[in-house]
Amino acid sequence: IALLWSFNEDVQEHAAGTLANLSVNADNAEKIVEEGGMPLLIGLLRSPNERVQEQAAVAIRNLSVEPANEIKIMEEGGIPPLLALLRYNSESFQRQGTITLRNLSVHDE
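Predicted, not measured: the structure shown is a model, and the values here were computed from it.

Q: Could you clarify how one ought to interpret the packing of helix H4 (residues 50–63) against helix H7 (residues 91–106) in this entry?
A: Each pair of packed helices can be described by the angle between their axes along with the distance between the axes. Relative orientation of the contacting elements H4 and H7 amounts to 25°, with a least axis distance of 9 Å. What the angle tells us is that H4 and H7 run roughly parallel. Crossing handedness for the pair H4 and H7: left-handed. For the pair H4 and H7, the contacting residues are Glu50, Gln53, Glu54, Ala57, Val58, Ile60 and Arg61 in the first and Ser92, Phe93, Gln96, Ile99, Thr100 and Asn103 in the second.

Structural data, given as structure tokens:
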């Protein structure tokens, strides 16, 4: 998670990608959120580097599956950058944003 703070965009990309892979597992997802990964990943959605943005979007998508994380994504200001993904000319960006927003809308909380 600390590597998400790096000024090196390659390091950010690989750190976010690693968290995206780890976040598929519910226990790992919980640890990522507990250790403060959510606001950093949301911040990376605003990176000027599209590869960094995409890896962060995948990680957030995976984290959004857990109902407890929905509120955290909203509280950390995740909705505006997720909506911004829908405006990209990239099907992958649009898919990540759409799936994450769908996940956030599924539960009653």
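Q: So what exactly am I meant to see when it comes to the side chain of Gln12 here?
A: You can see Gln12 is positioned in helix H1 (residues 9–22). Using a relative accessible area of 11% as the deciding quantity, one classes Gln12 as buried. At 2.7 Å, the side chain of Gln12 forms a polar contact with the backbone oxygen of Ser6. Leaving out residues up to four positions away in the same chain, Gln12 has contacts with Leu3, Leu4, Ser6, Leu44, Ser47 and Val52.

Q: Can you help me understand H1 in this one?
A: Given 3.6 residues per helical turn, the α-helix brings residues three or four places apart onto the same face. Between its first and last C-alpha atoms H1 spans 20 Å; for 14 residues at 1.5 Å apiece the expected length is 20 Å, and the two agree. In this fold, the buried residues of H1 make contact with helix H2 (26–34), helix H3 (37–44) and H4. Capping the start of H1, Asn8 holds a side-chain oxygen 2.8 Å from the backbone nitrogen of Asp10, two or three residues further along.

Q: Is there a simple way to explain the nonpolar core in this structure?
A: In summary, soluble globular proteins display a tendency toward joint burial of nonpolar side chains. Leu4, Leu41, Leu45, Ile60, Leu63 and Leu82 are the most contacted members of the largest nonpolar core, which totals 27 residues. Elements that contribute at least two residues to this core include exactly H1, H2, H3, H4, helix H6 (79–85) and H7. Among the elements that make up this core, the one with the highest residue count is H4 (seven residues). In this view, Leu4 contacts Gln12, Ala15, Ala16, Leu19, Gly37, Leu40, Leu41 and Leu44; residues no more than four positions away in its chain are not counted.

Q: Just checking my understanding: could you explain the environment of Gly78 for this structure?
A: Position of Gly78 among the secondary structure elements: in the loop between helix H5 (67–75) and H6. Each C-alpha atom, one on Gly78 and one on Asn21, is 20 Å from the other, the two residues being 57 residues apart in sequence.

Q: Help me understand the pattern of salt bridges in this model?
A: Applying the stated criterion across every chain yields a total of three salt bridges. For Arg51, the salt bridge goes to Asp10, with nearest N and O atoms at 3.3 Å. Highlighted residues: Arg51 in helix H4 and Asp10 in helix H1, separated in sequence by 41 residues. The shortest N-O distance in the salt bridge between Glu91 and Arg95 comes to 3.3 Å. With Glu91 and Arg95 both in helix H7, this residue pair falls four residues apart, about one helical turn. Relative accessible area serves as the criterion here: at 61%, Glu91 is assigned to the exposed category. Look at the salt bridges and you will find they share partners, linking Asp10, Glu13 and Arg51 into a network.

About the criteria used
- Residues numbered from 1 in each chain as written.
- Predicted model: local features only at pLDDT ≥ 70, side-chain atom pairs only at ≥ 80, totals over all residues.
- Heavy atoms only, no water.
- Axes fitted to C-alpha atoms, helices over the stretch in contact; angles between N-to-C directions.
- Helix = DSSP H or I, 4+ residues; strand = E, 2+ residues; numbered from the N terminus.
- Parallel < 35°, antiparallel > 145°, perpendicular 65-115°, else oblique.
- Left-handed = near helix turned anticlockwise from the far one by under 90°.
- Contact = heavy atoms within 4.5 Å.
- Buried < 20%, exposed > 50% of the residue type's maximum accessible area, 1.4 Å probe, protein only.
- Polar contact = N/O pair within 3.5 Å; in protein donor to acceptor, adjacent residues only side chain to side chain.
- Expected span 1.5 Å × (residues − 1).
- Core = buried A, V, L, I, M, F, W, Y, C linked by side-chain atoms within 4.5 Å.
- Salt bridge = Lys/Arg side-chain N within 4 Å of Asp/Glu carboxyl O.

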